Amino acid sequence: MPDNRTLREHKHLSWLGKHLHNPNLWHLSRRSAAKAFMVGLFCAFLPVPGQMVIAAVMAVWIGSNLPVSVGLVWLTNPITIPPVFYATYKLGSWILGTDPVKIEWTRNAIEHDLSLIWWPLLFGSLLSGLFFAGVGYLVINQIWIWSVQKSWRSRKRKQQIKAPDSDN
C-alpha cells in the first residue's frame, strides 16, 4: 500500500484533499471490505468505459477499501463482458417488456443496433449491479462476522485447554 505522506504530497492527487486520507481507503475492516464489494460489483456491471475510475471515485466518496473496490471491477473483463452484458441486456428487455434485438457480435452491428439496445442494456445492468452489490455487501459482512466469531471460539478453546480446571 502507498505511504500516506506520498499520497498527500502527490501533485495529481491533491484535488482529492482530505478524502484521500480516510484510513478506510487503505485498510481492511469489515465495513470497508463490505463497502468495497458493494462498490466494485456495482461498477463491474456498468456498461460504460472508465469503470475503474468510477469505482475509485465512489470508494473515496463512501469510504470503502480503494484497492478492493477498483480490483473487483475486473470481474467484467474482455473475456466476461460479452456474456455478462448480453445477460443484462436480456434481463432489461424482459423487465421492460421489449422484444430483444438479435445481436450480432460484430463492431458494425453493435454500433448500428446501439440505439435499440442501449436502454434495456443500461436498465438491466443497473438492476444487476444493484442486486449483486447488495448481495456482495451482505455476504462479505456475514463472512467477516462468521470468521471473527470462529476465531474467538478457537481462541477460547485454546485458552480452556491451556488452563486446567481449578475445581479439582
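Everything that follows concerns the structure shown earlier in this document.
Residues numbered from 1 in each chain as written. Predicted model: local features only at pLDDT ≥ 70, side-chain atom pairs only at ≥ 80, totals over all residues. Heavy atoms only, no water.

(A) Broad picture of helix 6 (residues 107–162). The end-to-end C-alpha distance of helix 6, which contains 56 residues, comes to just 67 Å, noticeably less than the 82 Å that a straight helix rising 1.5 Å per residue would cover. Helix geometry: helix 6 is bent most strongly at Leu114, by close to 70°. (Helix = DSSP H or I, 4+ residues; strand = E, 2+ residues; numbered from the N terminus. Expected span 1.5 Å × (residues − 1). Bend = angle between axes of the 7 residues up to and from the residue.)

(B) Geometry of the side chain of Asn65. Tracing the backbone through its elements, the reader meets Asn65 in the loop between helix 3 (51–62) and helix 4 (66–72). Look at Asn65 and you get buried, because its relative accessible area is 2%. Within the structure, Asn65 has its side chain in polar contact with the backbone nitrogen of Val68 (distance 3.0 Å). Filtering out sequence-adjacent residues up to four positions away, Asn65 remains in contact with Asn24, Leu25, Trp26, His27, Leu28, Ser32 and Ala36. (Buried < 20%, exposed > 50% of the residue type's maximum accessible area, 1.4 Å probe, protein only. Polar contact = N/O pair within 3.5 Å; in protein donor to acceptor, adjacent residues only side chain to side chain. Contact = heavy atoms within 4.5 Å.)

(C) Here's a closer look at the layout of surface pockets. If you add up the space inside the largest pocket, you get close to 280 Å³. Around the largest pocket, the lining is made up of 15 residues, and of these Phe85, Ile110, Leu114, Ile117 and Leu121 lie nearest the centre. Breaking the lining of the largest pocket down by element, the ones donating at least two residues are helix 5 (81–96) and helix 6. When residues of the lining of the largest pocket are assigned to their parent elements, the largest contribution, 6 residues, is made by helix 6. Looking at the lining of the largest pocket, its residues break down into 15 nonpolar, no polar and no charged. (1 Å grid on protein atoms, 1.4 Å probe; cavity = no way out; pocket = protein on both sides within 12 Å on 5 of 7 lines; lining within 4 Å. Points joined across faces, edges and corners; volume = space filled by probe spheres on them. Nonpolar A, V, L, I, M, F, W, Y, C, P; charged D, E, K, R; others polar.)

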